[in-house]
Amino acid sequence: MEMEYKDPSKRGRWIVVAGVVLALAAGGAAFYLINQAQQQAGQGDLQKVNVVVAARPIAARQPVVPEDLTVRQVPADDTNTDAIAVRDPNDVIGQVLPITLFQGQMITKSMLNTTGGAGGTTGFSILDPGE
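Keep in mind that what you see is a predicted model, and the values were worked out from it rather than measured.

**So, the overall build of the chain**
What the chain contains, in helices and strands, is 1 helix and 2 strands. Across the chain, contacts joining residues at least 24 apart in sequence account for 57% of those joining residues at least 6 apart. Counting every atom, the chain has about 9700 Å² of accessible surface; 57% of that belongs to carbon and sulfur.

Structure representation (structure tokens):
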């Protein structure tokens with residue numbers, strides 16, 4: 001009985017080539033699926049709302065001027081509902097905020113009307129500038 005000699009290096013080479021082809025196919029498929037998911041996520045009907053934010057740092061206990069503020073559109077969520085976020089810059093201009101705000105920080109309604117003294121609704125007061 002005669003056995004035919006097979007070169008194992010040829011068979012191993014085909015296995016490596018097949019493995020590389022399968023790896024490339026899997027990588028390409030993953031790349032395609034991730035891109036599709038990102039495009040679909042970007043096309044969703046994401047509701048946005050306007051919020052007033054600090055255009056520059058705003059010092060505590062200083063009257064807010066128009067140049068301190070800007071309006072930014074952000075995705076709507078529980079942190080910027082109508083009950084929390086300030087929508088109109090005119091509601092803030094002239095107000096004295098109890099804390100220093102950083103650039104880009106959203107202004108909330110709880111930051112406003114805190115200078116009312118004992119009659120204020122917040123239960124605390126701050127000093128007006130110069131007091």
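Further notes follow.
**Considerations on the pattern of salt bridges**
Scanning the model with the defined rule gives 2 salt bridges in all. Here R56 ties to D68 by a salt bridge, and the two come within 2.7 Å at their closest N and O atoms. Residue R56 is located in the loop between β1 (48-54) and β2 (69-75), and its partner D68 is located in the loop between β1 and β2; the two are separated by 12 residues in the primary sequence. Classification of R56 as partly exposed rests on a relative accessible area of 36%.

**Looking at the confidence of the model for the chain**
The pLDDT averaged across the chain works out to 81; a share of 75% of its residues lies at or above 70. Across residues 115-124, confidence stays below pLDDT 50; counting only partners more than four residues off in sequence or on other chains, it has 8 contacts.

**A look at the environment of T108**
Checked against the element boundaries, T108 lands in the segment after β2. Take T108: its relative accessible area is 13%, and that puts it in the buried class. When the C-alpha positions of T108 and T81 are compared, they lie 9.8 Å apart, and in sequence the two are 27 residues distant. Excluding anything up to four places from it in sequence, T108 contacts I84 and V86.

**Comments concerning the environment of V51**
The residue V51 is located in strand β1 in this model. Separated by 29 residues in sequence, V51 and N80 place their C-alpha atoms 7.5 Å apart. In this view, V51 contacts T70, V71, R72, V74, N80, A85, V86, R87 and M106; residues no more than four positions away in its chain are not counted.

**A few points about the side chain of N80**
Position of N80 relative to the elements: it lies in the segment after β2. One polar contact links the side chain of N80 to the main-chain amide nitrogen of D77, over a distance of 2.9 Å. With near-sequence residues (within four places) excluded, N80 lies in contact with V49, V51, V74, P75, A85, R87 and M106.

**Quick notes on the nonpolar core**
Nonpolar side chains in soluble globular proteins tend to be buried together. The biggest cluster of nonpolar side chains holds 12 residues, and these are V52, A54, I58, V64, L69, V86, V92, L97, L101, I107, M111 and L112. Once residues lying within four places of it in the same chain are set aside, the contact partners of L69 are V52, V53, A55, I58, V64, P89, V92, I93 and I107. V49, V51, V53 and A85 belong to the second largest nonpolar core, which has 5 residues in total.

The rules we used
Residues numbered from 1 in each chain as written. Predicted model: local features only at pLDDT ≥ 70, side-chain atom pairs only at ≥ 80, totals over all residues. Heavy atoms only, no water. Helix = DSSP H or I, 4+ residues; strand = E, 2+ residues; numbered from the N terminus. Contact = heavy atoms within 4.5 Å. Areas by Shrake-Rupley, 256 points an atom, 1.4 Å probe, with all protein chains shown as cover. Salt bridge = Lys/Arg side-chain N within 4 Å of Asp/Glu carboxyl O. Buried < 20%, exposed > 50% of the residue type's maximum accessible area, 1.4 Å probe, protein only. pLDDT = per-residue confidence, 0-100. Polar contact = N/O pair within 3.5 Å; in protein donor to acceptor, adjacent residues only side chain to side chain. Core = buried A, V, L, I, M, F, W, Y, C linked by side-chain atoms within 4.5 Å.

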